[in-house]
Amino acid sequence: MIRVQVVGVALDPAQQHVILLKPLDIEADGERVLPVWIGPQEAMSILVAIEGTGSPRPLAHDLMTAILGELSASVDRVEVTHLEEGTFFARVVLVTPGGPRTFDARPSDAIALAARADAPIWVAEAVFDEAGVPDEAVELEPSAEEERVEEFRRFLDDVDPEDFQG
């Protein structure tokens, strides 16, 4: 397994969100990144977590983190385990009072939890070998990411619960 960090969220040419994972040990693991396609809500949740901006109301991953805390459980690590027909698979490993527990998860949800819990993210070497790309093949536009987060913040500041009543 290769330990990675989230280096950003980008949009691909088809306007799909991609989370970019980069090995922590560049000397040992090379100059490559792992792009993992995710949904827009998950992208926003990950961005909010890695930037530490928070939101006025808890997002789904904030709720999961709060529930784990109330149950005296914590995220030990997240693992992106394999790739099957273009779909990434992950698991979340928890430490609980009853011992370790492992749950299958979408990589986007697992990474969003890891970002909130400050838990390590690991990727199987076989996944990196199959789907990793050279670092220079991916361009991040930080200003675009920051603008999306700022737009989300403005939405949350201006939303009124009555707007959702039917």
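I will try to describe carefully the structure that is included in this document.

Each value, and the rule that gives it
Residues numbered from 1 in each chain as written. Predicted model: local features only at pLDDT ≥ 70, side-chain atom pairs only at ≥ 80, totals over all residues. Heavy atoms only, no water. Helix = DSSP H or I, 4+ residues; strand = E, 2+ residues; numbered from the N terminus. Buried < 20%, exposed > 50% of the residue type's maximum accessible area, 1.4 Å probe, protein only. Contact = heavy atoms within 4.5 Å. Areas by Shrake-Rupley, 256 points an atom, 1.4 Å probe, with all protein chains shown as cover. Core = buried A, V, L, I, M, F, W, Y, C linked by side-chain atoms within 4.5 Å. Pairing = 2+ DSSP bridges. Polar contact = N/O pair within 3.5 Å; in protein donor to acceptor, adjacent residues only side chain to side chain.

Some thoughts on the overall build of the chain
So, step 1. Helix and strand counts for the chain come out as 6 helices and 8 strands.
So, step 2. In the chain, the order of α-helices and β-strands from amino to carboxyl end is β-β-α-β-α-α-β-β-β-α-β-α-β-α.
So, step 3. Looking at the chain as a whole, 40% of its 166 residues are labelled buried.
So, step 4. Taking as baseline every contact in the chain between residues at least 6 positions apart, the subset at least 24 positions apart corresponds to 54%.
So, step 5. Accessible surface for the chain amounts to roughly 9,600 Å². Of this, 51% is attributable to carbon and sulfur atoms.

Describing the environment of Val133
So, step 1. Structurally, Val133 is set in strand β8 (residues 133-134).
So, step 2. When its relative accessible area of 24% is taken as the criterion, Val133 is described as partly exposed.
So, step 3. Taking the C-alpha atoms as reference points, Val133 and Glu31, separated by 102 residues in sequence, lie 8.6 Å from one another.

Some points on the nonpolar core
So, step 1. Ile19, Leu21, Leu34, Ile46, Phe88 and Val123 are the most contacted members of the largest nonpolar core, which has 34 residues in total.
So, step 2. Broken down by element, the residue count for this core peaks at 5 residues, all from helix α4 (residues 107-117).
So, step 3. Discounting chain neighbours no more than four positions away, the residues touching Phe88 are Leu34, Pro35, Val36, Val80, His82, Leu83, Pro107, Val127 and Ala131.

Considering the sheet that holds β8
So, step 1. As summarised here, the arrangement of the 8 strands in space is β6-β5-β4-β7-β1-β2-β3-β8, forming an open sheet in which the pairing is mixed. The strands lining the two open edges of the sheet, one partner per strand, are β6 (99-105) and β8.
So, step 2. In terms of strand pairing, strand β3 (residues 32-38) meets β8 through 2 bridges, oriented antiparallel. Within β8, the position partnered with Val33 by the bridge is Val133.

Quick look at the environment of Pro120
So, step 1. Relative to the helices and strands, Pro120 resides in the loop between α4 and β7 (121-123).
So, step 2. Taking the C-alpha atoms as reference points, Pro120 and Arg77, separated by 43 residues in sequence, lie 5.0 Å from one another.
So, step 3. Residues in contact with Pro120, not counting those within four places in the same chain, are Arg3, Asp76, Arg77 and Val78.

Regarding the pairing of β6
So, step 1. When strand β5 (residues 87-96) meets β6, the two strands line up antiparallel, connected through 7 bridges. Paired with Val92 across the strands is Phe103, a residue of β6.

Observations concerning the side chain of His61
So, step 1. As for its placement among the helices and strands, His61 is situated in helix α3 (residues 60-70).
So, step 2. His61 gets classed as buried once you look at its relative accessible area, which sits at 6%.
So, step 3. A distance of 2.7 Å separates the side chain of His61 from the side chain of Ser45, its partner in a polar contact.
So, step 4. In this view, His61 contacts Ser45, Asp109, Ala112, Leu113 and Arg116; residues no more than four positions away in its chain are not counted.

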